[in-house]
Number of protein chains: 2
Amino acid sequence: MRQFRHPSVSELQVASVLYALSDPVRLSIVRQLAREGEATCAALDGGRPKSSMSHHFRVLRESGIVHTRNDGTSHMNTLRRDDLDSAFPGLLGAILSVPR
Amino acid sequence: MRQFRHPSVSELQVASVLYALSDPVRLSIVRQLAREGEATCAALDGGRPKSSMSHHFRVLRESGIVHTRNDGTSHMNTLRRDDLDSAFPGLLGAILSVPR
DNA sequence: TTGATAGTTCGATAATATTCGAACAATAGC
DNA sequence: GCTATTGTTCGAATATTATCGAACTATCAA
C-alpha cells in the first residue's frame, strides 16, 4: 500500500486537532493508542466496518494526531505524542487524563 | 428574555467541549473572552449576522464553556474557567496558550 | 405607548461528515 | 501463480452543522 502524508509539526492546527478528537470513536482510538503504544487498525475497530475505521484513521492522520506506518499487510498506528506536545503543550495530556 | 440552562460541572463532556472549540468562530470568541473577561454577543460578532452568532453562543453555552447572564437587553458572556478547569484540568489553558 | 436596541427562535438552504458496502491494492505464504 | 489478510478508495445514502433572513421577545428610555 502506498505511503501516507503526515503533516509536519509546523502545519498542525489546533482547531483540526480538537475537531478530530471530538468524535467518540476517534477519541476512543486515541485513548487506546495512548495505553497500548501502537496498534493496527483492525485491533481498534470495535466491530465497525473497515471502511468506517479507515475514515477515522484518516482524520486522525491528517490532523497530525496519529502516525501510520506500513508493516506487511497491516498498518501500525502510533500517537504523535512528542509532535503534539511540541505544537500544543499540555493539550493531549489534559484530554487523556479525563476519566472514562 | 428567558434564562438559559447551563450544564453543571458533572454534566460536562470532553467530546462536546472539544467539538465546540473546533470551530474557528467559536475558538475566536473564547479567546476574546479569555482576554477581556466578559463581553456581550454584539461585541464579538466580527460583522456576522446576529442569528449566526446566537447559534455559536448556544453551542458554547450548551457544552459548558460559556456562561450567559442577562443584563438589561444585552447578554453578558463569561468563560466558565473554574468549572472547565475542575472538569478538565489544563485543557482550556493548553488551548488558550496556542498562539494566534 | 412608541421606538430603539439586543438577542433568540424559526425555517430553509447549503455545506460537511458519517456510515458502510463493494471494488481495489499491496503484501505474505503456499 | 493463487489465495487469504489488511486496509484503502469510491460512491451513495444519511445525518449533522453552519449560515442567514425574517419574525419574534424582552428591556430600556423618552
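What counts, and where the lines are drawn
- Residues numbered from 1 in each chain as written.
- Chains lettered and ligands numbered in written order.
- Predicted model: local features only at pLDDT ≥ 70, side-chain atom pairs only at ≥ 80, totals over all residues.
- Heavy atoms only, no water.
- Helix = DSSP H or I, 4+ residues; strand = E, 2+ residues; numbered from the N terminus.
- Buried < 20%, exposed > 50% of the residue type's maximum accessible area, 1.4 Å probe, protein only.
- Contact = heavy atoms within 4.5 Å.
- Pairing = 2+ DSSP bridges.
- UniProt positions renumbered as here; feature names shortened; annotations may be inferred.
- Axes fitted to C-alpha atoms, helices over the stretch in contact; angles between N-to-C directions.
- Parallel < 35°, antiparallel > 145°, perpendicular 65-115°, else oblique.
- Nonpolar A, V, L, I, M, F, W, Y, C, P; charged D, E, K, R; others polar.

Caption draft 1: Spotlight on the environment of B:Thr78. All names here are of chain B. Tracing the backbone shows Thr78 in strand β3 (residues 74–79). Using a relative accessible area of 24% as the deciding quantity, one classes Thr78 as partly exposed. Between the alpha carbons of Thr78 and Glu36 there is a distance of 9.2 Å; along the sequence they are 42 residues apart. For Thr78, the contacting residues outside a window of four places in its chain are Leu33, Gly37, Glu38, Ile65, Val66 and His67.

Caption draft 2: Quick look at the pairing of strand β2 (residues 66–71) of chain B. Residues and elements named next belong to chain B. Alignment of β2 against β3, held across 6 bridges, turns out to be antiparallel. When the sheet's bridge partners are listed, Asp71 is paired in β3 with Ser74. Hairpin connection, β2 to β3: the antiparallel pair is bridged by 2 residues, and Gly72 has positive phi, about 70°.

Caption draft 3: Structural view of the UniProt feature "domain: HTH arsR-type" (unreviewed entry) in chain A. Following the UniProt record, one finds the feature "domain: HTH arsR-type" (unreviewed entry) at residues 6–99 of chain A. Across residues 6–99 of chain A one finds 50% helix and 16% strand; the C-alpha atoms that close the span lie 29 Å apart.

Caption draft 4: Structural view of the sheet that holds β3(B). Residues and elements named next belong to chain B. In space, the 3 strands of this open sheet follow the order β1-β3-β2, with antiparallel pairing throughout. Unpaired on one side and paired on the other, β1 (38–40) and β2 mark the two borders of the sheet. Pairs of neighbouring strands in the sheet enclose a mean axial angle of 30°, with direction left out of account. Sheet contacts for helix α2 (residues 24–36): β1, β2 and β3; angle to β3, the most-contacted strand, approximately 85°.

Caption draft 5: Fine view of the packing of helix α2 (residues 24–36) of chain A against helix α3 (residues 50–62) of chain A. Residues and elements named next belong to chain A. The interhelical angle for the contact between α2 and α3, taken along N-to-C directions, is 70°, at an axis separation of 10 Å. It follows that α2 is roughly perpendicular to α3 by the angle criterion. Contacts between α2 and α3 involve Val25, Arg26, Ile29 and Val30 from the former and Met53, His55, His56, Phe57, Val59 and Leu60 from the latter. Considering only residue class, the contact of α2 with α3 consists of 7 nonpolar, 2 polar and 1 charged.

Caption draft 6: The sheet that holds strand β1 (residues 38–40) of chain A, seen in detail. Residue and element names in this part refer to chain A. Within the open sheet, the 3 strands sit side by side as β1-β3-β2. Their pairing is antiparallel. The sheet is open, and its two borders are formed by β1 and β2 (66–71), each paired with just one other strand. Pairwise comparison of adjacent strand axes, ignoring direction, gives a mean angle of 30° for this sheet. Of the pairings in the sheet, the one linking β1 to strand β3 (residues 74–79) comprises 3 bridges and is antiparallel in character. Across the sheet, the residue bridging to Ala39 is Asn77, located in β3. Against the sheet, α2 touches β1, β2 and β3, its axis set at about 85° to β3.

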